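# Structure assessment
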Amino acid sequence: EAGVVQSPRYKIIEKKQPVAFWCNPISGHNTLYWYRQNLGQGPELLIRYENEEAVDDSQLPKDRFSAERLKGVDSTLKIQPAELGDSAVYLCASSTGDFNEQFFGPGTRLTVL
Amino acid sequence: GDSVTQMEGPVTLSEEAFLTINCTYTATGYPSLFWYVQYPGEGLQLLLKATKADDKGSNKGFEATYRKETTSFHLEKGSVQVSDSAVYFCALSDKSYGKLTFGQGTILTVHP
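A brief look at the structure comes next. (Residues numbered from 1 in each chain as written. Chains lettered and ligands numbered in written order. Predicted model: local features only at pLDDT ≥ 70, side-chain atom pairs only at ≥ 80, totals over all residues. Heavy atoms only, no water.)

This brings us to the overall build of chain A. When helices and strands are counted, chain A shows zero helices and eleven strands. Scanning chain A from its N terminus toward the C terminus, one meets helices and strands in the order β-β-β-β-β-β-β-β-β-β-β. The C-alpha atoms of chain A give 13 Å as radius of gyration, which agrees with the globular expectation for 113 residues (13 Å, within 12%). Counting all 113 residues of chain A, 47% fall into the buried class. Restricting to contacts in chain A with at least 6 residues of sequence separation, those with at least 24 account for 54%. Surface summary for chain A: the accessible area is close to 5600 Å², and the carbon and sulfur share equals 48%. Computing the positive centroid from 12 side-chain charges and the negative centroid from 15, chain A places the two 8 Å apart. (Helix = DSSP H or I, 4+ residues; strand = E, 2+ residues; numbered from the N terminus. Rg over C-alpha atoms; globule rule 2.2 N^0.38 Å. Buried < 20%, exposed > 50% of the residue type's maximum accessible area, 1.4 Å probe, protein only. Contact = heavy atoms within 4.5 Å. Areas by Shrake-Rupley, 256 points an atom, 1.4 Å probe, with all protein chains shown as cover. Lys, Arg positive; Asp, Glu negative; His and termini not counted. Charge placed at Lys NZ, Arg CZ, Asp CG, Glu CD.)

Next up on the list: the interface of chain B and chain A. Taken together, the contact pairs 18 residues of chain B with 18 residues of chain A. Counting the surface lost from both chain B and chain A, the interface buries some 1400 Å², and carbon and sulfur atoms represent 55% of this. Our count for the contact surface shared by chain B and chain A stands at zero salt bridges. One can count two residue pairs in polar contact (both at pLDDT 80 or more) joining chain B with chain A. Contributing elements (two or more residues each) for the side of chain B that touches chain A: strand E5 (32–38), strand E6 (44–50) and strand E11 (100–102) of chain B. (Buried area = accessible area lost by both parts, 1.4 Å probe. Salt bridge = Lys/Arg side-chain N within 4 Å of Asp/Glu carboxyl O. Polar contact = N/O pair within 3.5 Å; in protein donor to acceptor, adjacent residues only side chain to side chain.)

Attention now goes to the pattern of salt bridges. Scanning the entire structure with this criterion turns up eight salt bridges over all chains. Between A:Arg48 and A:Glu50 there is a salt bridge, and its shortest N-O distance comes to 3.6 Å. Take A:Arg48 and A:Glu50: they sit in the same class, and that class is buried. Note that B:Asp84 is salt-bridged to B:Lys77, the shortest N-O span being 2.8 Å. One exposure class covers both B:Asp84 and B:Lys77, and it is buried. The structure contains a network of salt bridges with shared partners spanning A:Arg36, A:Arg64, A:Glu83 and A:Asp86.

Once that is clear, we can look at the side chain of B:Gln38. Here B:Gln38 is to be found in strand E5. On the basis of relative accessible area, B:Gln38 is assigned to the buried category, the value being 15%. With residues up to four places along the chain from it excluded, the contact list for B:Gln38 reads A:Gln37, B:Gly43, B:Leu44, B:Ala86, B:Val87 and B:Phe89.

Turning our eyes to something else, we now look at the packing of aromatic side chains. Taken as a whole and judged by the stated rule, the model has eleven aromatic pairs over all chains. When the ring of B:Phe62 is compared with that of B:Tyr88, the centres are 5.6 Å apart and the planes differ by 40°; the resulting orientation is tilted. Remark: B:Tyr88 occurs in strand E10 (residues 86–93) and B:Phe62 occurs in strand E8 (residues 62–65); sequence separation between them is 26 residues. For the pair shown, B:Phe62 and B:Tyr88 are each scored as buried. Of the aromatic side chains, those joined through ring pairs into one cluster are A:Tyr33, A:Tyr35, A:Phe104, B:Phe34, B:Tyr36, B:Phe89 and B:Phe102. (Phe/Tyr/Trp six-rings, centres within 6.5 Å; stacked < 30°, edge-to-face > 60°.)

Rendered as structure tokens:
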């Protein structure tokens, strides 16, 4: 069974530039999560999807971050414009339901210069 | 709000040494508790979990017991191997909808 796929694995951009991350969850997983992991910290939830619906985006900085999950499968997380403080690893996870095990992708390491 | 505190690392051990990584939590109600492991270059993997007080989670020689009275979920292994070198995260899940709250992670390095 293929795991959660994320791309790109690494991204370096200058501040004020836009950036997008892509996630393909495990087939059949209707719940998808985006987390941000700052250096030396644990992941923090940004947004959670149930199929196409964002059911918890309370931690997503909506002034510059946006996300979508078209057709309830793949998801894209976008930052526009990026700031220096956005440098982090962005993790995608999926599960078959809120109370089931979350499977994590390898993450995208973003560096904003 | 919910929070998880792990012992500060990094932790460096010799092969076959005993491992303890402390984890305490603050939460309303009775959360589920987890240990995740992150090997170099890989994503987080669930190592073990416990869903109620006094439950013991175990996997690959690692164990942790859900202690409600001390709000703790310490990770232990009797004899570590070089291949156990990784970052370990303690986490709790709100049973209302399964949101994971993570600790800051503990880096473990095991030398031959």
